[in-house]
Amino acid sequence: STAVATPAKTVVVENEIVDMKQYIIQENDTLSSIAEFHYGDANLYRVILDANPSLDARRLKIGKSIMVPKL
(Lines give C-alpha, C1' and ligand atoms only; values in the text may rest on other atoms or scores of the structure.)
Protein backbone atom coordinates (compact mmCIF):
# COMPACT_ATOMS: atom_id res chain seq x y z
CA SER A 1 0.00 0.00 0.00
CA THR A 2 1.05 3.58 -0.54
CA ALA A 3 1.48 5.57 2.65
CA VAL A 4 -0.02 9.01 2.85
CA ALA A 5 1.39 10.97 5.75
CA THR A 6 1.43 14.51 6.98
CA PRO A 7 4.08 16.18 9.11
CA ALA A 8 4.37 14.84 12.63
CA LYS A 9 2.63 16.54 15.48
CA THR A 10 3.04 16.19 19.21
CA VAL A 11 0.17 15.07 21.42
CA VAL A 12 -0.24 13.85 24.99
CA VAL A 13 -1.32 10.22 25.36
CA GLU A 14 -1.67 8.76 28.85
CA ASN A 15 0.35 11.65 30.31
CA GLU A 16 3.21 11.10 27.87
CA ILE A 17 4.18 13.43 25.04
CA VAL A 18 4.12 11.43 21.83
CA ASP A 19 5.03 12.42 18.27
CA MET A 20 2.34 11.30 15.85
CA LYS A 21 1.87 11.28 12.13
CA GLN A 22 -1.32 11.03 10.19
CA TYR A 23 -1.96 7.99 8.01
CA ILE A 24 -4.80 7.47 5.53
CA ILE A 25 -6.20 3.93 5.51
CA GLN A 26 -5.76 2.21 2.15
CA GLU A 27 -7.53 -0.77 0.59
CA ASN A 28 -6.54 -4.09 2.24
CA ASP A 29 -4.94 -2.35 5.25
CA THR A 30 -5.19 -3.98 8.65
CA LEU A 31 -3.85 -2.59 11.91
CA SER A 32 -1.18 -5.29 11.78
CA SER A 33 -0.13 -4.33 8.25
CA ILE A 34 0.00 -0.64 9.21
CA ALA A 35 2.12 -1.51 12.27
CA GLU A 36 4.42 -3.65 10.10
CA PHE A 37 4.82 -0.75 7.63
CA HIS A 38 5.54 1.91 10.27
CA TYR A 39 7.33 -0.12 12.97
CA GLY A 40 8.61 -3.23 11.21
CA ASP A 41 6.57 -5.35 13.64
CA ALA A 42 2.93 -6.32 13.01
CA ASN A 43 2.51 -7.18 16.70
CA LEU A 44 2.71 -3.48 17.60
CA TYR A 45 -0.77 -2.86 16.16
CA ARG A 46 -2.01 -2.16 19.70
CA VAL A 47 0.06 1.06 19.82
CA ILE A 48 -1.98 2.38 16.89
CA LEU A 49 -5.25 1.16 18.38
CA ASP A 50 -4.48 2.84 21.71
CA ALA A 51 -3.77 6.14 19.92
CA ASN A 52 -7.12 5.93 18.09
CA PRO A 53 -9.66 4.83 20.73
CA SER A 54 -12.68 5.29 18.46
CA LEU A 55 -11.17 3.05 15.77
CA ASP A 56 -12.87 -0.31 15.12
CA ALA A 57 -10.00 -2.66 14.23
CA ARG A 58 -12.38 -5.02 12.43
CA ARG A 59 -13.90 -2.31 10.25
CA LEU A 60 -11.18 -0.02 8.94
CA LYS A 61 -12.64 2.46 6.48
CA ILE A 62 -10.66 3.26 3.35
CA GLY A 63 -9.80 6.94 3.29
CA LYS A 64 -10.17 7.40 7.07
CA SER A 65 -7.37 9.33 8.71
CA ILE A 66 -5.72 7.79 11.79
CA MET A 67 -2.81 8.85 13.95
CA VAL A 68 0.28 6.66 14.15
CA PRO A 69 2.57 7.31 17.14
CA LYS A 70 6.29 7.44 16.49
CA LEU A 71 8.26 4.92 18.53
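It should be noted that the structure appears before, not after, this text.
Below is a summary of the structure that appears in this document. (Residues numbered from 1 in each chain as written. Predicted model: local features only at pLDDT ≥ 70, side-chain atom pairs only at ≥ 80, totals over all residues. Heavy atoms only, no water.)

1. Focus: the overall build of the chain
Tallying secondary structure elements over the chain gives 2 helices and 3 strands in all. In the chain, once contacts between residues fewer than 6 apart in sequence are set aside, the share between residues at least 24 apart is 49%. About 4800 Å² of surface is accessible on the chain, with carbon and sulfur atoms providing 47% of the total. (Helix = DSSP H or I, 4+ residues; strand = E, 2+ residues; numbered from the N terminus. Contact = heavy atoms within 4.5 Å. Areas by Shrake-Rupley, 256 points an atom, 1.4 Å probe, with all protein chains shown as cover.)

2. Description of the pattern of salt bridges
Taken as a whole and assessed by the stated rule, the structure comprises 3 salt bridges. A salt bridge links Arg46 to Asp50; its shortest N-O distance comes to 3.7 Å. With Arg46 and Asp50 both in helix H2 (residues 45-51), this residue pair falls 4 residues apart, about one helical turn. On the accessibility criterion, Asp50 (41% relative accessible area) is partly exposed. The salt bridge involving Asp56 is made with Arg58; its shortest N-O contact spans 3.7 Å. The exposure class of Asp56 is partly exposed, given its relative accessible area of 27%. For Arg58, a relative accessible area of 76% gives the class exposed. Taken together, the shared-partner salt bridges connect Asp56, Arg58 and Arg59 into one network. (Salt bridge = Lys/Arg side-chain N within 4 Å of Asp/Glu carboxyl O. Buried < 20%, exposed > 50% of the residue type's maximum accessible area, 1.4 Å probe, protein only.)

3. Considering unusual backbone geometry
We note that Asn28 has phi near 75 degrees; this positive angle belongs to a residue other than glycine. In this fold, Asn28 is placed in the loop between strand E2 (16-24) and helix H1 (31-39).

4. Structural notes on the nonpolar core
Within the largest apolar cluster, 12 residues are counted, these being Tyr23, Ile25, Leu31, Ile34, Ala35, Tyr39, Ile48, Leu49, Leu55, Leu60, Ile66 and Val68. At the level of elements, H1, H2 and strand E3 (65-69) are the ones that each hand at least two residues to this core. The element best represented in this core is H1, accounting for 4 residues. Among all residues touching Leu31, those that are not within four sequence positions of it are Tyr45, Ile48, Leu49, Leu55, Ala57 and Leu60. (Core = buried A, V, L, I, M, F, W, Y, C linked by side-chain atoms within 4.5 Å.)

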